[in-house]
Amino acid sequence: MAIETVHRSCPICEASCGIVVDVDRDANKVVAIRGDEDDPRSRGYLCPKVFAPQAVHEDPDRIRRPLRRIGDRFTEIGWDEALDLVGSRLKAIRAAHGPDAVATYIGNPTGHNVGAMLWTTMFIGTLGSQRIFSGATVDQWPKNLSCRILYGDAWLFPIPDLDRTDFFLCLGGNPLISQGSLMSAPNMAARLRALHARGGRSVVIDPRRTETAELASQHLFIRPGTDPLLLFAMVHTLFEEGLVRPGRLADFTDGLDTIRELARDFPPETVAAATGIDAPTIRRLTRDFAAAERAVCYGRLGTCTVEFGTLASWLVDAVNLLTGNLDRAGGLMFPRPATGQGEPVAQDTGPVPYGRFRSRVRGFPEFDGQLPVAVLAEEIDSAGEDRVRALITAAGNPVLSTPNGERLSRALASLDFMVSIDIYLNETTSHADVILPTTTAFEDTNFDFLFQTTSVRNMVRYSPRVVTPPADAKPHWAVLMEVAARLNDTTLESYDDFMFEGMLAAVVGQPGTRCAAVTPDMARAKLGNVRGPERFIDLLLRAGPYGDGFDDTADGLSLAKVQHVPHAIDLGPLQPRLPDILRTPGRRIQLAHDLLVRDVGRLKRALGRYATAPGLVLVSRRQLRNMNSWLHNVESLARGRNRCTLLIHPEDAQRIGLRSGGRARVRSRVGEVSPEVEISDEMMPGVVCLPHGFGHTAPGTRLSVAARLQPGVNVNQLADELLLDEPSGNSVLNGIPVEVFPA
Ligand SMILES: Nc1nc2c(c(=O)[nH]1)N[C@H]1C(S)=C(S)[C@@H](COP(=O)(O)OP(=O)(O)OC[C@H]3O[C@@H](n4cnc5c(=O)[nH]c(N)nc54)[C@H](O)[C@@H]3O)O[C@H]1N2
Ligand SMILES: Nc1nc2c(c(=O)[nH]1)N[C@H]1C(S)=C(S)[C@@H](COP(=O)(O)OP(=O)(O)OC[C@H]3O[C@@H](n4cnc5c(=O)[nH]c(N)nc54)[C@H](O)[C@@H]3O)O[C@H]1N2
Ligand code: SF4
Ligand SMILES: [Mo]
């Protein structure tokens, strides 16, 4: 047995822990995985999902060859036949009905795979369709919108400087279980304990007393959806009590007066009944936050997937800005990725790309080229010559992850043609006419491209391949490009070269940049022409802020240097970067942009409704052994008791007549499910909770372990496709009005 040891990062979640994998080269098989004690980021930390990439790779249910559906049976076909079929069907539909008849949905694993990250934008461009959807509009889209408005770039996220703060105020995130989101750092429990040990405090605001809340210094229940009311009350208190200290941020911020005026309508006393947090508590929290030398206010999923997600996302940053905690050590800071995504730009990005086109049925405005996935079903199932007739899904499972899954499932069944780029036959892909599989994470090299932009310390990390893929297997990026090539009568190679030349021209030979003296020819000669992500990464690294500038004798980074280090390379703590990296006109922050201000009236009107708090509302939760919808077929993770339970407070359970272990019927405007009941005082009274990603009961899927061990119910059968955060179009997945009955 020839055992070789491979160091890389775990590709499952943002934490990207360093792992050490022993591979039997003769058998091409992983024999052991452990935490990398020498990785400067994770120091050996792991969670139970670390075995998932191997288990998925070895899963007999996984799709290994292209599948074609005839009736409701799938049969394996060759790659050429599959790609020809996809190309000819999509082309015919596009020719007959125009490019918008072909819609695309991009799913979450895209962000965990550098090839998928690099080529997805190109892929979307080749389609020429305005029907582009993704998991982002059931996730962080309000934050994207708020960042685009404030900083000029939808993907320039400020990240908590967690390891240096004295006060961590966490709204709607459960980093102990999610392992951090828009805040990449392995081992959150250790980091929070370290914060407490250095005399700091953490406060969690959540309608559930989560695992993170248990560890925190303080937990406050909040009525789902009301964070912008709490945040406005904090802004109000900051102004009223003379605690506003933006410092140097004031030099490049507009709208301070407007936000003070807007906050006048939301004193703590006015929002107390609606939020469920009393006025003295809000005032004390605000004073403590303002008094802390270094404080950070952080909001995640529970502040985005709600009725006022954009307002909450904006106000989180506003509270940091007003207290001087934006862009300073221990506050909310901007990482500096080694591949250059966060560098200053010569030209501003102009007005917010918003409403340049609209959805067909509801007339919902696009933002940044995307429409809300909540309109996907109606774009397909509402009559009209211009309806969506074909769908491409790439690493997504919208039937389980987006609102009104049942309607979407029916709509998918009515399509003229559907192709899924995916490794499982699941609730979504089982509707496809053709499924194109990709290599799995351990068969791919990787580079933590996205998570450099969300890391609590600057870092760079390359991951080599673990096992060798079969000769006919294709990585995700190549499948995307093969589909695009067939659709547009060209080749993968020409697309690849086009993208490479475009990127080359953008980063070398540009006056005023550090590679101004490098010509494309010089760079090309050093980068070679091997296809795949590596030459792109090398280009971006060498031209990037820590790069060698294509000078082999220089100290800076190149791909070879990063590859040579078997662990993540720590590039130091986050540094202040404002106003240099702003992409807004005049490099100024518009704190009171019209897109934000005009939604405040809607919030004011909702105040009364929240204050009277009629009936129950539903929120979601994550669990350590799930990753959205797609790891339930991993037996080691799926074992154990039924995890898809309805959490409900004892008083609510008693009033309704529910008992733990029994069933309840949960009904919303759009659907009904019958989960097992789990009575717990970790819930706020009036709020019930289900995990998302379950509901593995659809016929025609091939998820034998999930169906047997953790079928559960689909929480998104209750999520209403009509409830949106209005500015961004993000779905409301938390705070869904429901009725609960004994089953
Ligand atoms: N184990 C595991 N880890 C994951 C994932 C997974 O499925 N499993 N998914 C990954 C993905 S894709 C993401 S985006 C991240 C998400 O990362 P997090 O945002 O940390 O994840 P959640 O656990 O969903 O936390 C959301 C919290 O918001 C609370 N909440 C609901 N409504 C409200 C509200 O109105 N206000 C406030 N203040 N709180 C509210 C919920 O009770 C919940 O505790 O996790 C990632 N990590
Ligand atoms: N109610 C409720 N709904 C939610 C959430 C919630 O908290 N509550 N969270 C939301 C969030 S934050 C997110 S990000 C979305 C996620 O929404 P999606 O991205 O739509 O769902 P996933 O479950 O991540 O689906 C991943 C898909 O990718 C496939 N896949 C996995 N690895 C690979 C690979 O290497 N290559 C390819 N080609 N395919 C692969 C899987 O088989 C699966 O089909 O769900 C959202 N939905
Ligand atoms: S926390 Fe778990 S799933 Fe996330 S990267 Fe680390 S080992 Fe992988
Ligand atoms: Mo997500």
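Please read these numbers as outputs of a predicted model, since none were measured by experiment. (Residues numbered from 1 in each chain as written. Chains lettered and ligands numbered in written order. Predicted model: local features only at pLDDT ≥ 70, side-chain atom pairs only at ≥ 80, totals over all residues. Heavy atoms only, no water.)

Draft legend 1. Geometry of the pattern of salt bridges. Counted according to the given criterion, the structure contains 63 salt bridges. The closest approach of N and O atoms between R461 and D39, which form a salt bridge, is 3.1 Å. Here R461 is found in the loop between strand 21 (457-460) and strand 22 (462-463), whereas its partner D39 is found in the loop between strand 3 (29-35) and helix 1 (52-58), with 422 residues between them in sequence. Residue class for D39 comes out buried when judged on its relative accessible area of 1%. Here D652 and R655 are joined by a salt bridge, their closest N and O atoms 2.9 Å apart. (Salt bridge = Lys/Arg side-chain N within 4 Å of Asp/Glu carboxyl O. Helix = DSSP H or I, 4+ residues; strand = E, 2+ residues; numbered from the N terminus. Buried < 20%, exposed > 50% of the residue type's maximum accessible area, 1.4 Å probe, protein only.)

Draft legend 2. Focus on the side chain of D227. Relative to the assigned elements, D227 resides in helix 8 (residues 227-240). The buried charged residue D227 lacks any salt bridge partner; its closest oppositely charged side chain belongs to R223, at an N-O distance of 11 Å. When sequence neighbours within four positions are dropped, the list of residues in contact with D227 reads L171, I205, I222, G302, T303 and A312. (Lys, Arg positive; Asp, Glu negative; His and termini not counted. Contact = heavy atoms within 4.5 Å.)

Draft legend 3. Representation of the packing of helix 4 (residues 141-151) against helix 13 (residues 309-322) within the structure. Packing of helix 4 against helix 13 brings their axes to within 8 Å, and their N-to-C directions diverge by 50 degrees. On the basis of the axis angle, helix 4 is oblique to helix 13. Handedness of the crossing formed by helix 4 with helix 13: right-handed. Each of P142, K143, L145, S146, L150 and Y151 in helix 4 lies in contact with helix 13, whose residues at this interface are G309, T310, S313, W314, V316 and D317. Class assignment of the residues belonging to the contact of helix 4 with helix 13 gives a composition of six nonpolar, four polar and two charged. (Axes fitted to C-alpha atoms, helices over the stretch in contact; angles between N-to-C directions. Parallel < 35°, antiparallel > 145°, perpendicular 65-115°, else oblique. Left-handed = near helix turned anticlockwise from the far one by under 90°. Nonpolar A, V, L, I, M, F, W, Y, C, P; charged D, E, K, R; others polar.)

Draft legend 4. Region of the structure containing the site of ligand 1. Around ligand 1, the structure places 33 residues, and the nearest of them are D206, G225, D227, N626 and N628. D206 is positioned such that a nitrogen or oxygen atom in its side chain is 2.7 Å from an oxygen atom of ligand 1. Here R622 contributes a side-chain N or O atom positioned 2.8 Å from a nitrogen atom of ligand 1. Coverage of ligand 1 by the protein amounts to 97% of the 930 Å² it exposes when considered alone. Every element with two or more residues in the shell around ligand 1 is listed here: helix 5 (175-178), helix 12 (301-304) and strand 25 (616-621). Top contributing element to the shell around ligand 1 by residue count: helix 5, with three residues. Mapping the shell around ligand 1 onto the domain boundaries places at least three of its residues in each of domain 1 (161-327 + 578-598) and domain 2 (614-742). (Near = heavy atom within 4 Å. Polar contact = N/O pair within 3.5 Å; in protein donor to acceptor, adjacent residues only side chain to side chain. Areas by Shrake-Rupley, 256 points an atom, 1.4 Å probe, with all protein chains shown as cover. Domains from an automatic or database assignment.)

Draft legend 5. Summary view of the pairing of strand 15 (residues 354-358). In the sheet, strand 15 pairs with strand 16 (residues 365-367) via two bridges, with the strands oriented antiparallel. Paired with R358 across the strands is P365, a residue of strand 16. Counted along the chain from strand 15 to the antiparallel partner strand 16, the turn is six residues long, and its residue G363 has a positive phi close to 65 degrees. (Pairing = 2+ DSSP bridges.)

Draft legend 6. Summary view of the site of ligand 2. The environment of ligand 2 is made up of 28 residues, and the closest members are Y105, N108, S401, D422 and S629. In this structure, an oxygen atom belonging to ligand 2 sits 2.7 Å away from a main-chain N or O atom of N108. Contact distances for ligand 2 include 2.9 Å between a nitrogen atom and a side-chain N or O atom of S620. Taking 920 Å² as the accessible area of ligand 2 by itself, protein coverage stands at 96%. Here the residues of the shell around ligand 2 sort into twelve nonpolar, 13 polar and three charged.

Draft legend 7. Expanded view of the packing of helix 18 (residues 492-507) against helix 20 (residues 533-543). Following both chains from N to C, one finds helix 18 and helix 20 inclined at 0 degrees, their axes separated by 11 Å at the closest point. The angle between helix 18 and helix 20 places the two elements in the roughly parallel class. Residue-level inspection shows D496, D497, M499, F500, M503, L504 and V507 of helix 18 in contact with helix 20, the latter providing R535, F536, L539, L540 and A543. Tallied by class, the residues present in the contact of helix 18 with helix 20 amount to nine nonpolar, no polar and three charged.

Draft legend 8. Up close: helix 11 (residues 279-291). Taking 1.5 Å as the rise per residue, helix 11 with 13 residues should run 18 Å; its terminal C-alpha atoms sit 18 Å apart, in good agreement. Within the span of helix 11, buried status applies to A279, T281, I282, R283, L285, T286, F289 and A290. (Expected span 1.5 Å × (residues − 1).)

Draft legend 9. A look at the nonpolar core. Core analysis: the biggest nonpolar cluster contains 89 residues, and L169, I205 and W314 have the highest contact counts within it. Take this core: its biggest share by element is nine residues, from helix 13. Residues contacting L169, with those up to four places away along its chain left out, are V203, I205, M234, L285, F289, V296, C297 and Y298. Counting 60 residues, the second largest nonpolar core, distinct from the first, contains L85, F123, F449 and L492. (Core = buried A, V, L, I, M, F, W, Y, C linked by side-chain atoms within 4.5 Å.)

Draft legend 10. Layout of the side chain of T305. Counting through the fold element by element, T305 comes out in the loop between helix 12 and helix 13. Using a relative accessible area of 0% as the deciding quantity, one classes T305 as buried. A distance of 2.8 Å separates polar atoms of two side chains, one belonging to T305 and the other to N734. Beyond its immediate sequence surroundings of up to four residues, T305 is in contact with V138, D139, N730, S731, V732, L733 and N734.

Draft legend 11. Looking closely at the pairing of strand 4 (residues 67-70). Taken together, the four bridges between strand 4 and strand 5 (residues 73-76) define a ladder with antiparallel strand orientation. Pairing of R69 across the sheet is with F74, part of strand 5. The hairpin formed by strand 4 and strand 5 contains two residues between the paired strands, and G71 there has a positive phi angle of roughly 65 degrees. Examined bridge by bridge, strand 4 and strand 19 (residues 434-436) share two bridges and lie antiparallel to one another. Across the sheet, residue R68 finds its bridge partner in strand 19, namely V434.

Draft legend 12. How the structure looks around the packing of aromatic side chains. For the structure on display, the rule yields ten aromatic pairs. Seen from their ring centres, F500 and F536 are 5.4 Å apart, and the 90 degrees between their planes marks the pair as edge-to-face. Within this pair, whereas F500 is found in helix 18, its partner F536 is found in helix 20, the two being separated by 36 residues in sequence. Members of the aromatic cluster, connected to one another through ring pairs, are W119, W477, F500 and F536. Above the plane of the ring of F500 lies R535, whose end atom (NZ or CZ) is 4.1 Å from the centre. Over the ring of Y610 we find R609; its NZ or CZ atom is 5.3 Å from the centre of that ring. (Phe/Tyr/Trp six-rings, centres within 6.5 Å; stacked < 30°, edge-to-face > 60°. Lys NZ or Arg CZ within 6 Å of the ring centre and 35° of its normal.)

Draft legend 13. Up close: the sheet that holds strand 2 (residues 18-24). With antiparallel pairing, the three strands of this open sheet are ordered in space as 1-2-3. Of all the strands in the sheet, just strand 1 (3-9) and strand 3 have a single pairing partner and so form its edges. Adjacent strand axes in the sheet meet at a mean angle of 25 degrees when their direction is disregarded. As defined by bridge partners, strand 1 adjoins strand 2 across seven bridges and the pair is classed as antiparallel. Bridge pairing in strand 2 places T5 opposite D22.

Draft legend 14. Here's a closer look at the domain arrangement of the chain. Entries for the chain in the domain assignment read domain 1 (161-327 + 578-598) and domain 2 (614-742). One C-alpha centre belongs to domain 1, the other to domain 2; they are set 28 Å apart. Summing both sides of the interface, domain 1 and domain 2 together bury roughly 1,800 Å²; the carbon and sulfur share of this comes to 58%. Among the residues domain 1 hides against domain 2, the three largest losses belong to R208, R223 and T305. Together they make up 31% of the total. Counting across the interface, domain 1 meets domain 2 through two salt bridges. The salt bridge partner of D681 is R209, with a shortest N-O separation of 3.0 Å. Here domain 1 and domain 2 share nine residue pairs in polar contact (both at pLDDT 80 or more) between them. (Buried area = accessible area lost by both parts, 1.4 Å probe.)

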